[in-house]
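Residues per chain are reported as follows:
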Amino acid sequence: MENIFSSSQPRSPKIPETAIKPSRKTSDGKYLDQNIIDLVDITQEYEDGKVKVFDKLNIEIKDIVNKGQFITIMGPSGCGKSTILRYISGLQKPTHGKILFHGKELTEKDHIPMVFQQYSSFPWKTVLQNVMLPLNMMGIPEEESRKRALSMLKIVGLNGHENKWAQYPLLSGGQLQRVAIARNLVANPNVLLMDEPFGALDILTRRQMQVFMRKIFEDNNAFDPTIILVTHDIREAVFLSTNIIILGDSPVNVKNIIDIDLPDIRDMYLKRHPKFLEYVNTIEDIMENLKKL
Ligand code: ADP
Ligand code: MG
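Residues numbered from 1 in each chain as written. Chains lettered and ligands numbered in written order. Predicted model: local features only at pLDDT ≥ 70, side-chain atom pairs only at ≥ 80, totals over all residues. Heavy atoms only, no water.

1. Points about the overall build of the protein
Next, step 1: Broken down by element type, the protein carries 7 helices and 10 strands.
Next, step 2: A total of 293 residues make up the protein; the buried ones form 50% of that total.
Next, step 3: Counting contacts in the protein only where the partners sit at least 6 residues apart, residues at least 24 apart contribute 72% of the total.
Next, step 4: Here the protein has roughly 15100 Å² of accessible surface; of this, 51% comes from carbon and sulfur atoms. (Helix = DSSP H or I, 4+ residues; strand = E, 2+ residues; numbered from the N terminus. Buried < 20%, exposed > 50% of the residue type's maximum accessible area, 1.4 Å probe, protein only. Contact = heavy atoms within 4.5 Å. Areas by Shrake-Rupley, 256 points an atom, 1.4 Å probe, with all protein chains shown as cover.)

Written as structure tokens, this is what we have:
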């Protein structure tokens with residue numbers, strides 16, 4: 001049988017190298033070697049402590065320089081997945097505990113971007129204006145912002161759509177999510193958060209977006225972010241991830257961390273491979289044994 005990992009399936013051409021590669025070096029030229037994100041002893045209470053979502057939750061995410069990681073968080077509905085992403089993006093603070101970014105407590109200046117399921121693009125702005133926005137906010141000169149945004153739009157395959165309003169039905173659901181992904185990646189974040197980003201898309205577009213997202217991740221010339229994704233879709237998680245964190249129980253804690261030992265370069269044919277299916281079955285079994293919250 002042909003080995004799909006070395007298959008001769010034609011692949012799309014490599015995404016062009018851009019001038020926006022992030023620097024992971026400190027000012028004295030050394031690479032950063034701390035974890036990129038640490039959640040330390042997180043407790044989350046509501047209603048004066050009557051509801052306790054987390055009790056001393058700890059999660060450690062390593063920084064893999066020049067490669068990045070694709071981490072997926074899974075677990076029953078209501079277990080706190082979105083809450084974790086909100087902590088990391090700075091939208092919510094836990095009742096107790098700390099969130100560290102590169103070993104230091106997260107501050108408002110860190111601006112870790114997040115792609116949501118819907119309404120991720122600003123419909124009153126054009127596609128180009130949407131993508132330029134983070135660069136404008138950083139004070140980057142207009143001409144350079146435009147250049148970088150256009151280069152980013154090429155990467156996400158939206159060249160030719162720059163001047164359209166970022167709204168449905170001028171753009172499809174998948175294209176609007178690509179605008180959001182472009183906007184969130186254009187400033188070269190070290191971390192990108194995605195909360196069920198493909199949840200509102202039809203199944204075919206969703207599959208295309210998975211391949212697209214994986215390609216973005218594999219392109220180390222342009223990016224090497226640590227991506228932290230929340231999804232309910234086990235196949236999506238296995239296809240995209242380098243590691244899957246499964247949460248469960250109440251108060252919620254980490255139940256399993258699964259390293260996905262599949263090739264670095266992936267295409268849709270991987271989904272038929274026995275090793276892929278084995279991971280899917282294993283995770284399905286783990287999830288079925290978790291208590292519903
Ligand atoms: P997930 O994304 O995994 O579905 P969330 O992070 O949205 O879960 O929510 C985690 C838990 O926090 C849920 O069980 C929810 O009921 C609880 N929660 C969130 N806000 C409040 C609140 N204001 N009062 C009580 N419980 C809350
Ligand atoms: Mg959620």
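2. A word on the site of ligand 1
Next, step 1: Lining the immediate surroundings of ligand 1 are Y46, E47, V53, P76, S77, G78, C79, G80, K81, S82 and T83.
Next, step 2: K81 is positioned such that a nitrogen or oxygen atom in its backbone is 2.8 Å from an oxygen atom of ligand 1.
Next, step 3: Between an oxygen atom of ligand 1 and a side-chain N or O atom of S82, the distance comes to 2.9 Å.
Next, step 4: Against a free-state accessible area of 580 Å², the protein chains account for coverage of 60% of ligand 1. (Near = heavy atom within 4 Å. Polar contact = N/O pair within 3.5 Å; in protein donor to acceptor, adjacent residues only side chain to side chain.)

3. Considerations on helix α2 (residues 127-137)
Next, step 1: Among the 11 residues of α2, 8 are classified as buried, and the element is accordingly described as predominantly covered.
Next, step 2: If you check which residues of α2 are buried, you get V127, L128, N130, V131, M132, L133, P134 and L135.
Next, step 3: Of the residues flanking the end of α2, it is G139, one or two places downstream, whose phi is positive at about 85°.

4. Thoughts on the environment of M132
Next, step 1: Structurally, M132 can be placed in helix α2.
Next, step 2: Taking the C-alpha atoms as reference points, M132 and L150, separated by 18 residues in sequence, lie 8.7 Å from one another.
Next, step 3: If sequence neighbours within four positions are ignored, M132 has contacts with E142, S145, R146 and A149.

5. Topic: the sheet that holds strand β8 (residues 226-230)
Next, step 1: Taken together, the 6 strands give an open sheet; going across it, the order is β6-β7-β8-β3-β9-β10, and neighbouring strands pair in mixed fashion. A strand with exactly one partner marks an edge of an open sheet, and here the two such strands are β6 (114-115) and β10 (253-259).
Next, step 2: As paired strands, β6 and strand β7 (residues 191-195) are joined by 2 bridges and run parallel to one another. Counted as the bridge partner of M114 is L193 from β7.
Next, step 3: The strands touched by helix α1 (residues 81-89) are β3 (69-74), β6, β7, β8 and β9 (243-248); relative to β7, the strand with the most contacts, the crossing angle is about 150°. (Pairing = 2+ DSSP bridges. Axes fitted to C-alpha atoms, helices over the stretch in contact; angles between N-to-C directions.)

6. Re unusual backbone geometry
Most peptide bonds take the trans configuration, and most residues that are not glycine carry a negative phi.
Next, step 1: For the bond from Y168 to P169, the omega torsion is 5°, close enough to zero to count as cis.
Next, step 2: Considering the arrangement of structural elements, one finds P169 in the loop between α3 (142-155) and α4 (173-185).
Next, step 3: With omega at -5°, the peptide bond leading from S250 into P251 counts as cis.
Next, step 4: Its place among the elements puts P251 in the loop between β9 and β10.
Next, step 5: A positive phi is found at E47, a non-glycine position, where the angle reads about 50°.
Next, step 6: In this structure E47 comes out as exposed when scored by relative accessible area, which is 55%.

7. With respect to the sheet that holds strand β1 (residues 35-46)
Next, step 1: The strand order across the open sheet built from 4 strands is β2-β1-β4-β5, with neighbouring strands paired in antiparallel fashion. A strand with exactly one partner marks an edge of an open sheet, and here the two such strands are β2 (51-62) and β5 (104-105).
Next, step 2: One ladder, built from 2 bridges, connects strand β4 (residues 96-101) with β5; its direction is antiparallel. Paired with F101 across the strands is K104, a residue of β5.

8. Let's talk about the pattern of salt bridges
Next, step 1: One pass over the structure, following the stated rule, counts 10 salt bridges.
Next, step 2: As a salt-bridge pair, K67 and D264 come within 3.2 Å of each other at their nearest N and O atoms. Of this pair, K67 sits in the loop between β2 and β3 while D264 sits in the loop between β10 and α7 (274-289), and the two are 197 residues apart along the sequence.
Next, step 3: Residue class for K67 comes out partly exposed when judged on its relative accessible area of 39%.
Next, step 4: As a salt-bridge pair, R148 and E144 come within 3.5 Å of each other at their nearest N and O atoms. Within this pair, R148 and its partner E144 are both found in helix α3, separated by 4 residues, close to a single helical turn.
Next, step 5: Exposure remark for R148: the relative accessible area of 17% places this residue in the buried category. (Salt bridge = Lys/Arg side-chain N within 4 Å of Asp/Glu carboxyl O.)

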